[in-house]
Amino acid sequence: PSGDHQRVVRSRRAGQWENALRHPRTGGTLRPESTEGGIVGRLNDKVALITGGARGMGASHVRRFVAEGAKVVCTDILEDEGAALAAELGDAVRFLRHDVTSEQDWQRVVDAAIDAFGHIDILVNNAGVLAFSPILEMSLADFRRVLDINLVWEWLGLKTVGRVIRDGGSIINI
């Protein structure tokens, strides 16, 4: 790569690889990286609302955002798992029970996020359900539930959070 590009330099310390971004000409460190490969603090002063955050992929999003410096409002219908995750991660996380198919619940969660952290910078629409039925056997009610949770709720999130998200914010639909 040319001298205008950043390069990753790895050094071996205490049996682990530690990464640092180095300026291509001066060799000076630009920003430290975490041992997981992300840039430490790149989400400092950011507030994220992550739906479906109590377990699985959503919980991994919550953990990573906190590790990168964000404050997180984690929402889910799984209260025990969500509360346990928030307790594990400390003051940077607030857990709220949230039915993503409810417009009133969206407004309540957005208001609570702003009350807790002052603003919202990032929405991660992660909540979702699967239906494991052959299409010829699936009931209309089951199909509508999948659509409501996986499609309509994303629209509700975009509509509600879109009104208050800060300039330069991000909306991520999983």
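About the thresholds
- Residues numbered from 1 in each chain as written.
- Predicted model: local features only at pLDDT ≥ 70, side-chain atom pairs only at ≥ 80, totals over all residues.
- Heavy atoms only, no water.
- Helix = DSSP H or I, 4+ residues; strand = E, 2+ residues; numbered from the N terminus.
- Buried < 20%, exposed > 50% of the residue type's maximum accessible area, 1.4 Å probe, protein only.
- Contact = heavy atoms within 4.5 Å.
- pLDDT = per-residue confidence, 0-100.
- Pairing = 2+ DSSP bridges.
- Axes fitted to C-alpha atoms, helices over the stretch in contact; angles between N-to-C directions.
- Phe/Tyr/Trp six-rings, centres within 6.5 Å; stacked < 30°, edge-to-face > 60°.

Relative to the helices and strands, A70 resides in the loop between helix 1 (56-67) and strand 5 (71-76). Its relative accessible area of 1% is what places A70 among the buried residues. Here the alpha-carbon distance between A70 and I122, two residues 52 residues apart in the chain, equals 9.6 Å. Not counting chain neighbours up to four residues away, the residues in contact with A70 comprise L43, K46, F65 and A92.

Overall, the prediction assigns the protein chain a mean pLDDT of 83, with 78% of residues at 70 or greater. Confidence drops under pLDDT 50 across residues 1-24; counting only partners more than four residues distant or on other chains, this segment forms 48 contacts. In the model, residues 28-35 has pLDDT below 50 throughout and makes 28 contacts with residues more than four positions away in sequence or in other chains.

Once that is clear, we can look at the sheet that holds strand 4 (residues 47-51). Strand order across the open sheet formed by 5 strands is 6-5-4-7-8, with parallel pairing between neighbours. Strand pairing shows two members of the sheet lacking a second neighbour, strand 6 (93-97) and strand 8 (170-173), which therefore form its edges. Each adjacent strand pair in this sheet contributes to an overall mean axis angle of 15 degrees, direction not counted. Looking at chain direction, strand 5 and strand 6 are connected through 5 bridges and run parallel. Looking at strand 6, one finds that V72 is bridged to V93. Along the sheet, helix 1 contacts strand 4, strand 5, strand 6 and strand 7 (122-125); its crossing angle with strand 4, the most-contacted strand, is approximately 170 degrees. Strand contacts of helix 3 (residues 103-117): strand 4, strand 5, strand 6 and strand 7, with the helix running at about 160 degrees to strand 6, the strand carrying the most contacts.

Counted according to the given criterion, the structure contains 1 aromatic pair. Their ring planes at 5 degrees and their centres at 6.3 Å tell us that W106 and W153 sit as a pair that is stacked. Here W106, found in helix 3, pairs with W153, found in helix 4 (residues 140-162); they are 47 residues apart in sequence, far enough to count as distant. For W153, a relative accessible area of 0% gives the class buried.

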